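Chain by chain, the residues run as shown.
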Amino acid sequence: MLRKDREITDFKAIVDVLERCDTLRLGLFGSDYPYVVPLSFGMCVEGNKVTLYFHGGPRGYKTELLAKNPQACVEGDIFLKVEPTEHGITTRYESVIGFGKVEPVTGEEIITGLQSIVDHYGFSTYQVKNCQGFPAVRVYKMVLTQITGKHNLK
C-alpha cells in the first residue's frame, strides 16, 4: 500500500467497515477482461476469519466464471464526501479489499448464508427457509485469506 498513513491495520476496524458497506464488488477472471459484479452480501466473523456469503441464480456469467476459476477479489467502500483541502481536492472514504476462493455452499450452510445476507440488511426476523425463491437460489461463500483496509478521514 503506497499510502501507509491511510492503511487500516486493526482487524476489528476492517470488519467494521465491511459491516457498514451496502454493496461489495466481486472481481473474477473473465475470458478477455476482468469481470466485476456488485453483490448484496452477508458475513460471519470467527476469530480473525471473515466468511462472506452472496447469492445468485443457477445460471449466468458469474456462475460460469466461478466454475472455471474460483479465485476472486472483493472490494467494498463507503464514500463519505469530496472536499477541498490545502493541497487540492480529496475524497473522504473507507474501503476494504479481500482475496479468497469462492465455493458454492450446500445443506444447512445455504440457510446460514442466506440468513447472514438478510441480517446484514436489517431483516433478522425474516425466515429465509420459508422464502418461495429459496429452491432456485445458489449460495456462495468466500473465506477471505487476505484482507486490507484503507481510509481517508479528516
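This text goes with the structure placed above it.
First, a word on scope: everything that follows refers to the structure included in this document. (Residues numbered from 1 in each chain as written. Predicted model: local features only at pLDDT ≥ 70, side-chain atom pairs only at ≥ 80, totals over all residues. Heavy atoms only, no water.)

A count of helical and extended segments in the protein chain gives three helices and eight strands. Along the chain direction, N to C, the helices and strands of the protein chain fall in the order β-α-β-β-β-β-α-β-β-α-β. Relative to its full complement of 154 residues, the protein chain shows a buried share of 38%. The long-range share in the protein chain, meaning contacts at least 24 apart out of those at least 6 apart in sequence, stands at 69%. For the protein chain, the accessible surface area stands at approximately 9400 Å², while carbon and sulfur atoms represent 54% of it. Mean positive and mean negative side-chain charge positions of the protein chain (18 and 18 charges, respectively) differ by 2 Å. (Helix = DSSP H or I, 4+ residues; strand = E, 2+ residues; numbered from the N terminus. Buried < 20%, exposed > 50% of the residue type's maximum accessible area, 1.4 Å probe, protein only. Contact = heavy atoms within 4.5 Å. Areas by Shrake-Rupley, 256 points an atom, 1.4 Å probe, with all protein chains shown as cover. Lys, Arg positive; Asp, Glu negative; His and termini not counted. Charge placed at Lys NZ, Arg CZ, Asp CG, Glu CD.)

For the structure shown, the criterion picks out seven salt bridges. For Arg25, the salt bridge identified is with Glu75, shortest N-O distance 2.9 Å. With Arg25 in strand 2 (residues 24–28) and Glu75 in strand 6 (residues 71–85), the pair connects residues that are 50 residues apart, well separated along the chain. Its salt-bridge partner being Lys141, residue Glu109 comes within 3.3 Å of it at the nearest N-O pair. Here Glu109 is found in helix 3 (residues 108–120), whereas its partner Lys141 is found in strand 8 (residues 138–152), with 32 residues between them in sequence. (Salt bridge = Lys/Arg side-chain N within 4 Å of Asp/Glu carboxyl O.)

This part covers the side chain of Asn152. Its place among the elements puts Asn152 in strand 8. Engagement of the side chain of Asn152 in a polar contact is seen with the side chain of Thr90, the distance being 2.8 Å. Among residues more than four places away in sequence, those in contact with Asn152 are Arg6, Thr90, Thr91, Arg92 and Tyr93. (Polar contact = N/O pair within 3.5 Å; in protein donor to acceptor, adjacent residues only side chain to side chain.)

So, about helix 2 (residues 61–68). Since there are 3.6 residues in each turn of an α-helix, residues three or four apart along the chain are aligned in direction. Residues of helix 2 that are buried include every one of Lys62, Thr63, Leu65 and Leu66, and no others. Down the axis, helix 2 shows its buried residues gathered within 165° of arc, on one side only. Away from the buried face of helix 2 by more than 90 degrees, exposed residues Ala67 and Lys68 are located. Contacts made by the buried residues of helix 2 are with strand 2, strand 3 (35–39), strand 5 (49–56), strand 7 (88–104) and strand 8. (Arc of directions from axis to C-beta.)

A few words on the pairing of strand 2. By the alternation rule, side chains of strand 2 split into Leu24, Leu26 and Leu28, which are all buried, and Arg25 and Gly27, of which none is buried. Inspection of the sheet shows strand 2 paired to strand 3 by five bridges, in the antiparallel sense. In the sheet register, Leu24 faces strand 3, and the bridge partner there is Leu39. Taking the residues that link successive antiparallel strands as the turn, the strand 2-strand 3 hairpin has six residues. Looking at chain direction, strand 2 and strand 6 are connected through four bridges and run antiparallel. By the bridge assignment, Leu24 is partnered in strand 6 with Gly76. (Pairing = 2+ DSSP bridges.)

Keep in mind these values describe shape, not function.
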